[in-house]
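Below are the chains, spelled out letter by letter.
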Amino acid sequence: MHPTTTRTEVRHPGRGLLPSLALCSFFVGLDSLVTVPLLPLIALDTGIALDKAALLVAVYGFAYALAAPLFGAWSDSRGRKAVILAGLAVLAAGTALTGTARRFEALVLFRALTGIGAAMVEPAVFAVVGDRFPYAQRGRIMGIVIGSMIAATLFGVPAGGFLAEFGGWRLTFWLIGAAIAATLLLAATGIPDDAPSAATGRPHPKAAFSNLFAALARPPVAIALLATFLWYGGLQGMFANIGVYYHLHYELTVAENGMVIMVAGLGSVLGSLFGGRLADRLGKGSVLGCAALATASTVFALSRVPDTLWAAIAIHVAWATAFGAGQAALTALVSQLDPDARGSV
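Residues numbered from 1 in each chain as written. Predicted model: local features only at pLDDT ≥ 70, side-chain atom pairs only at ≥ 80, totals over all residues. Heavy atoms only, no water.

Enquirer: Give a description of the overall build of the protein chain that names residues and reports values.
Expert: When helices and strands are counted, the protein chain shows 13 helices and 0 strands. Tracing the protein chain from N to C terminus, the helices and strands come up as α-α-α-α-α-α-α-α-α-α-α-α-α. Against the 2.2 N^0.38 benchmark of 20 Å for 345 residues, the protein chain shows a C-alpha radius of gyration of 20 Å, consistent with a compact globule. In terms of principal-axis extent, the alpha carbons of the protein chain reach across some 55 × 45 × 35 Å. The burial tally for the protein chain puts 50% of its 345 residues in the buried class. In the protein chain, of all internal contacts separated by at least 6 residues, the share reaching a separation of at least 24 is 84%. Within the structure as shown, the protein chain displays about 15500 Å² of accessible surface, and the carbon and sulfur contribution to it stands at 72%. (Helix = DSSP H or I, 4+ residues; strand = E, 2+ residues; numbered from the N terminus. Rg over C-alpha atoms; globule rule 2.2 N^0.38 Å. Buried < 20%, exposed > 50% of the residue type's maximum accessible area, 1.4 Å probe, protein only. Contact = heavy atoms within 4.5 Å. Areas by Shrake-Rupley, 256 points an atom, 1.4 Å probe, with all protein chains shown as cover.)

Shown next as structure tokens:
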């Protein structure tokens, strides 16, 4: 994958831009995960089965997957800032409304709405990084933005569970919704208005979608999508199985599993921050390749089931750190594949 450099880059992004983008990513990450520890409380309060309540996590991801390419393409034609602000408004509304739901159908609807809001925000956030920061510095910036998203697993999700224990699960969603609304105000001032080079200048929806399809037809973009699919498939595979792995082989409780996953999450944050810097120095592709080998090797090492729990945790943390480094490098690399269609890609 060889990045192109046809698009003019804005090298003076403004002092408030990076904190605004980091906060946007933090709340997208928080909103995608906070439902997980609250599911037992939601199921008990609304009288639905726990396995049915788990669909609330799936519907968020499904709505995001369907909507993200469309709104990414829309940001290419309408401009990033307008899409991010609209997405934050939808995200805040969907989150707050989740706290008012009394029936399963309403919960599904509001979680889907929240997923759509996140799909409006995050592709445009990554595209803004590509528009406003030079490619030579973009690994570091992507590392900060992605690290902020991962940090939600370390601080936001436990805090959400703590609030739910004392004030109820509805209060958690209301407070997160209010915090997202405050982030919207910060983003309105921190994210500069789109420069002429930051959008294609073709506001018609058909032009946006044709831009999307044209980007998908380019071989480097198709290869990048395959790489991204495999990369995040590995992540979801690890998340789906690691708790059962620790329980079966080391008899960890749910609480102990949570602590181990938090430590691994810290590794991912550090991997994103330092891996992004390494990607700028050594090359995005080189860091991504090394990270891919490291993540594959650590998964194989875990499959052999180390003799001690501490050895398994050390390997797990190494996997998480390598994954964070590769994620920052991959996102920075993808951001430059088609500069005129960054949101779409």
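Having put the structure on the table, let's press on.
Enquirer: Let's hear about the environment of G234: which residues, and what values?
Expert: Take G234: it is sitting in helix α10 (residues 219-250). Since its relative accessible area comes to 40%, G234 is described here as partly exposed. Spatially, the C-alpha atom of G234 lies 9.4 Å from that of V299, the residues being 65 residues apart in sequence.

Enquirer: Run through the packing of aromatic side chains, naming residues and quoting values.
Expert: Under the counting rule described, the total for this entry stands at 8 aromatic pairs. With centroids separated by 5.3 Å and ring planes inclined at 85 degrees, the aromatic side chains of F26 and F27 adopt a geometry described as edge-to-face. (Phe/Tyr/Trp six-rings, centres within 6.5 Å; stacked < 30°, edge-to-face > 60°.)

Enquirer: A description of the packing of helix α2 (residues 35-46) against helix α7 (residues 138-167) should follow, citing residues and the corresponding values.
Expert: Running from N to C, α2 and α7 cross one another at 20 degrees; their axes reach a closest spacing of 9 Å. Our classification of the angle between α2 and α7 gives roughly parallel. Pair α2 / α7 crosses with left-handed handedness. Counted together, P37, L38 and L41 of α2 and V157, G160, G161 and A164 of α7 form the full contact between these two elements. Looking at the contact of α2 with α7, its residues break down into 5 nonpolar, 2 polar and no charged. (Axes fitted to C-alpha atoms, helices over the stretch in contact; angles between N-to-C directions. Parallel < 35°, antiparallel > 145°, perpendicular 65-115°, else oblique. Left-handed = near helix turned anticlockwise from the far one by under 90°. Nonpolar A, V, L, I, M, F, W, Y, C, P; charged D, E, K, R; others polar.)

Enquirer: Pulling in residues and values, what's your account of the confidence of the model for the protein chain?
Expert: With 90% of its residues at a pLDDT of 70 or more, the protein chain has an overall mean of 86. Mean pLDDT across the elements of the protein chain ranges from a minimum in helix α9 (residues 205-216), with 67, to a maximum in helix α5 (residues 80-98), with 96. Below pLDDT 50 for its whole length, residues 5-11 participates in 29 contacts with residues either more than four positions away or in separate chains. Across residues 196-203, where pLDDT falls below 50, the model places 23 contacts with residues more than four positions away in sequence or in other chains. (pLDDT = per-residue confidence, 0-100.)

Enquirer: Report on the nonpolar core, specifying residues and quantitative values.
Expert: Membership of the largest hydrophobic core comes to 53 residues, with the highest contact counts inside it found for L21, L30 and I84. Those elements giving two or more residues to this core turn out to be α1 (17-33), α2, α4 (55-78), α5, α6 (104-132), α7 and α8 (169-190). With residues up to four places along the chain from it excluded, the contact list for L30 reads A152, G156, V157 and I176. If you look at the next biggest cluster of nonpolar residues, it comprises 29 residues, including Y245, L288, I313 and I315. (Core = buried A, V, L, I, M, F, W, Y, C linked by side-chain atoms within 4.5 Å.)

Enquirer: Summarise the side chain of S75; cite the residues concerned and give the values.
Expert: One can find S75 in helix α4. Note on S75: relative accessible area 0%, which makes it buried. Among the polar contacts listed, one links the side chain of S75 to the backbone oxygen of G72, at a separation of 2.7 Å. (Polar contact = N/O pair within 3.5 Å; in protein donor to acceptor, adjacent residues only side chain to side chain.)

Enquirer: Break down unusual backbone geometry for me, with residues and values.
Expert: Of note in the backbone geometry, E251 takes a positive phi value of approximately 55 degrees without being a glycine. When its relative accessible area of 67% is taken as the criterion, E251 is described as exposed. In this model, V305 sits at a positive phi of 55 degrees, which is unusual for a non-glycine residue. Here V305 falls in the partly exposed class, since its relative accessible area comes to 28%.

Enquirer: Break down α4 for me, citing the residues and quoting the values.
Expert: Over its 24 residues, α4 extends 33 Å from the first C-alpha to the last, a length consistent with the 34 Å expected when each residue adds 1.5 Å. The principal kink in α4, of about 40 degrees, is found at A67, preceding the proline P69 by one to four residues. When we look at burial in α4, the residues that qualify are L56, V59, Y60, A63, A67, A68, G72, A73, S75, D76 and S77. Downstream of α4 by a residue or two, G79 has a phi angle that is positive, lying close to 105 degrees. (Expected span 1.5 Å × (residues − 1). Bend = angle between axes of the 7 residues up to and from the residue.)

Enquirer: Pulling in residues and values, what's your account of a nonpolar patch on the surface?
Expert: Taken together, the side chains of F162, L163, F166 and L175 define a hydrophobic patch exposed on the protein surface, amounting to about 440 Å² of accessible area. The element best represented in the nonpolar patch is α7, accounting for 3 residues. Mapped onto the elements, L163 comes out in helix α7. (Patch = residues over 30% accessible without salt bridge, like charges linked within 9 Å, V, L, I, M, F, W, Y side chains within 5 Å. Salt bridge = Lys/Arg side-chain N within 4 Å of Asp/Glu carboxyl O.)

Enquirer: Which residues make up α5, and what values go with them?
Expert: An ideal rise of 1.5 Å per residue puts 27 Å on 19 residues; α5 measures up with 27 Å between its terminal C-alpha atoms. On its buried face, α5 sits against α1, α4, α6 and α8.

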